[in-house]
Amino acid sequence: MRRLLTATALLALAACGQQPSAPAPTTEAPTPAPATTAAATTEQRSAEDIAEALASLPAPYNAADYEAGRRVFAQCRSCHTIEAGGPNRVGPNLHGLFGRDIGSVAGFNYSQAVQDANFTWDASHLNDWLSNPQTFLPGNRMAFAGVRDETQRRDLIAYLKVETSADE
Ligand code: HEC
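Every value quoted in this text rests on a predicted model; they were computed, and no experiment measured them.

J.: Whenever I open this one, the coordination of the iron atom of the ligand confuses me. Can you help?
T.: Each donor-metal-donor angle in an ideal tetrahedron of four donors is 109.5 degrees, and each such angle in an ideal octahedron of six donors is either 90 or 180 degrees. Donor atoms from the polypeptide that coordinate the iron atom of the ligand comprise His-80 (NE2) and Met-142 (SD), at 2.0 to 2.1 Å from the metal. Geometry at the iron atom of the ligand is octahedral, judged from its six donor atoms and the angles of 87 to 178° they form at the metal. Of this pair, His-80 sits in the loop between α4 (66–73) and α5 (112–116) while Met-142 is found in the loop between α7 (133–136) and α8 (150–164), placing the two residues 62 residues apart along the sequence.

J.: Would you mind showing me how to read the nonpolar core here?
T.: Looking at soluble globular proteins, one finds that nonpolar side chains tend to be buried together. Ranked by internal contacts, the top residues of the largest apolar core, which has 33 residues, are Phe-73, Leu-126, Leu-156 and Leu-160. Counting residues per element, this core draws most heavily on α8, which supplies six residues. Contact partners of Leu-156, with chain neighbours within four places excluded, come to Gly-69, Val-72, Phe-73, Cys-76, Leu-130 and Val-147.

J.: So what exactly am I meant to see when it comes to the pattern of salt bridges here?
T.: What the rule picks out here adds up to two salt bridges. Between Asp-155 and Arg-154 there is a salt bridge, and its shortest N-O distance comes to 3.0 Å. The class of Asp-155 is buried, set by a relative accessible area of 5%. Relative accessible area serves as the criterion here: at 22%, Arg-154 is assigned to the partly exposed category.

What counts as what
Residues numbered from 1 in each chain as written. Predicted model: local features only at pLDDT ≥ 70, side-chain atom pairs only at ≥ 80, totals over all residues. Heavy atoms only, no water. Donors = N, O, S within 2.8 Å, 3.2 Å for Na, K, Ca; no water. Tetrahedral: all angles 85-135°; square planar, octahedral: opposite > 155°, others 65-115°. Helix = DSSP H or I, 4+ residues; strand = E, 2+ residues; numbered from the N terminus. Core = buried A, V, L, I, M, F, W, Y, C linked by side-chain atoms within 4.5 Å. Buried < 20%, exposed > 50% of the residue type's maximum accessible area, 1.4 Å probe, protein only. Contact = heavy atoms within 4.5 Å. Salt bridge = Lys/Arg side-chain N within 4 Å of Asp/Glu carboxyl O.

Here's what the structure looks like:
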């Protein structure tokens with residue numbers, strides 16, 4: 001009972017913070033909640049920060065859909081962390097990816113193919129790698145078929161660009 005009360009109080013507080021005059025939502029009402037997506041995003045960074053970061057990217061990435069990119073990244077999450085200081089998993093941590101030499105995350109055991117490759121990650125290399133990792137760099141160990149859809153790759157690369165260069 002005490003728990004319930006606390007939860008209700010917190011909900012009320014949260015609701016107050018957002019819309020002081022909004023009536024309490026009823027469970028029956030099938031009203032859509034447009035605030036949900038915004039709230040989920042602001043947990044990490046504000047919508048303005050994201051819009052600003054996207055706008056500063058070169059075309060076509062400045063026209064990318066960040067949320068769509070985040071959804072595509074769900075395919076990578078089982079193997080890669082993206083935040084600063086995140087651990088290596090099956091694949092290396094991706095923070096600071098842009099401008100970094102391929103195969104240079106300390107403590108990650110790369111394949112010989114990656115160790116022998118010699119380039120710096122940028123949008124164009126990523127686009128090739130993500131289209132089809134195996135044809136781009138035969139012998140690498142990333143067991144991933146690739147993102148075949150051009151728009152999905154654009155959105156994913158823009159998302160990576162924003163997230164891998166964020167401070168937190
Ligand atoms: C099944 C696990 C797996 C999945 C899924 C996966 N990766 Fe990887 N990734 C790896 C492994 C393993 C490597 C290292 C490859 C090697 O050493 O040959 C790697 C390497 C990379 C590299 C090179 C990193 C460096 O330090 O040079 C990038 C960039 C990358 N992955 C991005 C992605 C993205 C973006 C996705 C999602 C679209 C993804 N990966 C999905 C396992 C995965």
